[in-house]
Amino acid sequence: DTEVTQTPKHLVMGMTNKKSLKCEQHMGHRAMYWYKQKAKKPPELMFVYSYEKLSINESVPSRFSPECPNSSLLNLHLHALQPEDSALYLCASSQSQGTIGTQYFGPGTRLLVL
Amino acid sequence: KQEVTQIPAALSVPEGENLVLNCSFTDSAIYNLQWFRQDPGKGLTSLLLIQSSQREQTSGRLNASLDKSSGRSTLYIAASQPGDSATYLCAVSDGNQFYFGTGTSLTVIP
């Protein structure tokens, strides 16, 4: 099973809402990633978790809060977002952080902030 | 910081043609390079992974090569089909994270 799942598929939220994106993998991977992708642009790295610890935070605003409750799950908590945060949010996992193995992506969550 | 460039940005070919997509990176100290395809509004599908010690990888009609010293990788697609139409992205790993290229949008015309 090489699947990474993400929920929800679509999300519409107002600027005062709090919501969470979820990501799950059962490949035994120890590195998990959040990316943000705007239309016709490559994915931009937001966070990397390695062995359930935050390894990289690419200067992402605090209105985005990641959480890795266990080795299979990765959450992204959203609060007080801006319309420019509307994008496709992609989760990925790999066997380890960047050194070996393929990076597998989920289908993404399409987020619209009104 | 690693910079990854893909040329061309867009490519349109008739069905059946063989084609080459290019990926260039500025820092040759890489662990691996991965090629992905992305359909509109979807996630990324991994096509091929080349470790830094390898020169090429093949999967079906796809062949990817890697020349670390010159900072280049190519993705060769043989006998293109309309179903190959998608955006193709390369990503380079420095051992901590993956750096994505700008992508090539491919259209295969029936």
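Just so you know, these numbers come straight off a predicted model, no measurement behind them. (Residues numbered from 1 in each chain as written. Chains lettered and ligands numbered in written order. Predicted model: local features only at pLDDT ≥ 70, side-chain atom pairs only at ≥ 80, totals over all residues. Heavy atoms only, no water.)

A. Representation of the overall build of chain B within the structure. Looking only at helices and strands, chain B features 0 helices and 11 strands. Here the C-alpha radius of gyration of chain B, 13 Å, is about what a compact globule of 110 residues would show, namely 13 Å. Its C-alpha atoms give chain B principal-axis dimensions of roughly 40 × 25 × 20 Å. Residues counted as buried form 45% of the 110 residues belonging to chain B. Approximately 5100 Å² of chain B is accessible, and the part contributed by carbon and sulfur atoms is 47%. Taking the average place of the 7 positive charges on the side chains of chain B and the average place of its 9 negative ones, the gap between the two points comes to 3 Å. (Helix = DSSP H or I, 4+ residues; strand = E, 2+ residues; numbered from the N terminus. Rg over C-alpha atoms; globule rule 2.2 N^0.38 Å. Buried < 20%, exposed > 50% of the residue type's maximum accessible area, 1.4 Å probe, protein only. Areas by Shrake-Rupley, 256 points an atom, 1.4 Å probe, with all protein chains shown as cover. Lys, Arg positive; Asp, Glu negative; His and termini not counted. Charge placed at Lys NZ, Arg CZ, Asp CG, Glu CD.)

B. Focus on the pairing of strand 6 (residues 53–57) of chain A. Residues and elements named next belong to chain A. Looking at chain direction, strand 5 (residues 44–50) and strand 6 are connected through 4 bridges and run antiparallel. Of the residues in strand 6, the one forming a bridge with Val 48 is Ile 56. Here strand 5 folds back onto strand 6, and the loop between the two strands holds 2 residues, one of which, Tyr 51, carries a positive phi near 50 degrees. (Pairing = 2+ DSSP bridges.)

C. Spatial organisation of the interface of chain A and chain B. Opposite the 21 residues of chain A that make contact, chain B presents 21 residues. Note on chain A versus chain B: buried area summed over both sides is about 1600 Å², and carbon and sulfur give 54% of it. The tally of links from chain A across to chain B stands at 0 salt bridges. In this structure, the connection of chain A to chain B is made through 4 residue pairs in polar contact (both at pLDDT 80 or more). Where the side of chain A that touches chain B is concerned, the elements lending two or more residues are strand 4 (31–37) and strand 9 (87–94) of chain A. No other element matches strand 4 of chain A, which puts 3 residues into the side of chain A that touches chain B. (Contact = heavy atoms within 4.5 Å. Buried area = accessible area lost by both parts, 1.4 Å probe. Salt bridge = Lys/Arg side-chain N within 4 Å of Asp/Glu carboxyl O. Polar contact = N/O pair within 3.5 Å; in protein donor to acceptor, adjacent residues only side chain to side chain.)

By themselves, these figures tell us nothing about what the structure is for.
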